Structures are given as C-alpha cells and as structure tokens.
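This is what each chain is made of:
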Amino acid sequence: MSVQQEAGVDGEALEVWIDQDLCTGDGICAQYAPEVFELDIDGLAYVKGADDELLQARGATTPVPLTLLTDVVDSAKECPGECIHVRRVSDRAEMYGPDSE
C-alpha cells in the first residue's frame, strides 16, 4: 500500500511543520527531503517555503508536494526528536507524526 493510500489523502492537501522545541538537530529530515527541510545556523530544522526560504516563525507550515510525500512521511517516522507533523489542511488532522493515531 502506498503512503498516499495509507494516509487516505487521495489528493487532499497536506502541510508539514516542525516543533523546534523538540528538534534534536540530527538532520534526518533534510537528508530525506531537502526540498522541504533545512537545518539553520542554530542547528535546528525548519520547513522551507515555496521560495526556498526558511520559515522560522513558530508553527510555520509548508505544503507537502505529492511527489515528496513519501520522503516527508519517512522523515516524520524516522525523526529521533519526534518533532515533524504532517497534517491535512482541510481539518488539521495529523496524518503522520507524534500526534497521529
């Protein structure tokens, strides 16, 4: 079963954000999906906006491109800090991350 089928997204818009209070700075997310995540000079991971700029505001989100969904989900699953949250935009239900069911 693909990540898209497992998530039940069927084209639904997803977004991702990082809780920097829990980030351990391991950089696993940036290795899996460098188009979406990047480590900053402070050693913490942040999501990147459409213009490739780091979004450093607390709780900043960025859309998850369908082509990168598997990489973003793997990042959330492998993150030692359990700080990556992937949720549906429509109802903000967490699909992957520490608060998913």
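Residues numbered from 1 in each chain as written. Predicted model: local features only at pLDDT ≥ 70, side-chain atom pairs only at ≥ 80, totals over all residues. Heavy atoms only, no water.

Brief notes about the sheet that holds strand S3 (residues 45-48)
Piece 1. Taken together, three strands build an open sheet; the order of strands is S2-S3-S4 and the sheet is antiparallel. Both edges of this open sheet fall to strand S2 (37-39) and strand S4 (54-55), since each of them pairs with a single strand only. (Pairing = 2+ DSSP bridges. Helix = DSSP H or I, 4+ residues; strand = E, 2+ residues; numbered from the N terminus.)

Concerning empty space enclosed by the protein
Piece 1. With the rule as written, the count across this model stands at one cavity of 30 Å³ or more.
Piece 2. Counted as a void, the largest cavity has a volume near 80 Å³.
Piece 3. Forming the boundary of the largest cavity are 14 residues, of which Asp-26, Gly-27, Ile-28, Cys-29 and Cys-79 lie nearest the centre.
Piece 4. Looking at the lining of the largest cavity residue by residue, the class counts come to nine nonpolar, four polar and one charged. (1 Å grid on protein atoms, 1.4 Å probe; cavity = no way out; pocket = protein on both sides within 12 Å on 5 of 7 lines; lining within 4 Å. Points joined across faces, edges and corners; volume = space filled by probe spheres on them. Nonpolar A, V, L, I, M, F, W, Y, C, P; charged D, E, K, R; others polar.)

As for unusual backbone geometry
Peptide bonds are, in most cases, trans, and in most cases residues other than glycine have a negative phi.
Piece 1. The phi torsion at Asp-52 lies on the positive side, around 75°, for a residue other than glycine.
Piece 2. Mapped onto the fold, Asp-52 is located in the loop between S3 and S4.
Piece 3. For Asp-52, a relative accessible area of 47% corresponds to the partly exposed category.
Piece 4. Positive phi is not limited to glycine here, since Arg-92 has a value of about 60°.
Piece 5. If you trace the backbone, Arg-92 turns up in the loop between strand S6 (84-88) and strand S7 (94-96).
Piece 6. On the accessibility criterion, Arg-92 (55% relative accessible area) is exposed. (Buried < 20%, exposed > 50% of the residue type's maximum accessible area, 1.4 Å probe, protein only.)

Concerning helix H3 (residues 69-78)
Piece 1. Looking at H3, one finds that the buried residues are Leu-69, Val-72, Val-73, Ser-75 and Ala-76. Seen end-on, H3 carries its buried residues on one side only, within an arc spanning 155°. (Arc of directions from axis to C-beta.)

So, the confidence of the model for the protein
Piece 1. Confidence in the prediction of the protein, expressed as mean pLDDT, is 90, and 89% of residues score 70 or more.
Piece 2. Residue range residues 1-9 is modelled with pLDDT below 50. Its contacts to residues more than four positions away, or to other chains, number 15 contacts. (pLDDT = per-residue confidence, 0-100. Contact = heavy atoms within 4.5 Å.)

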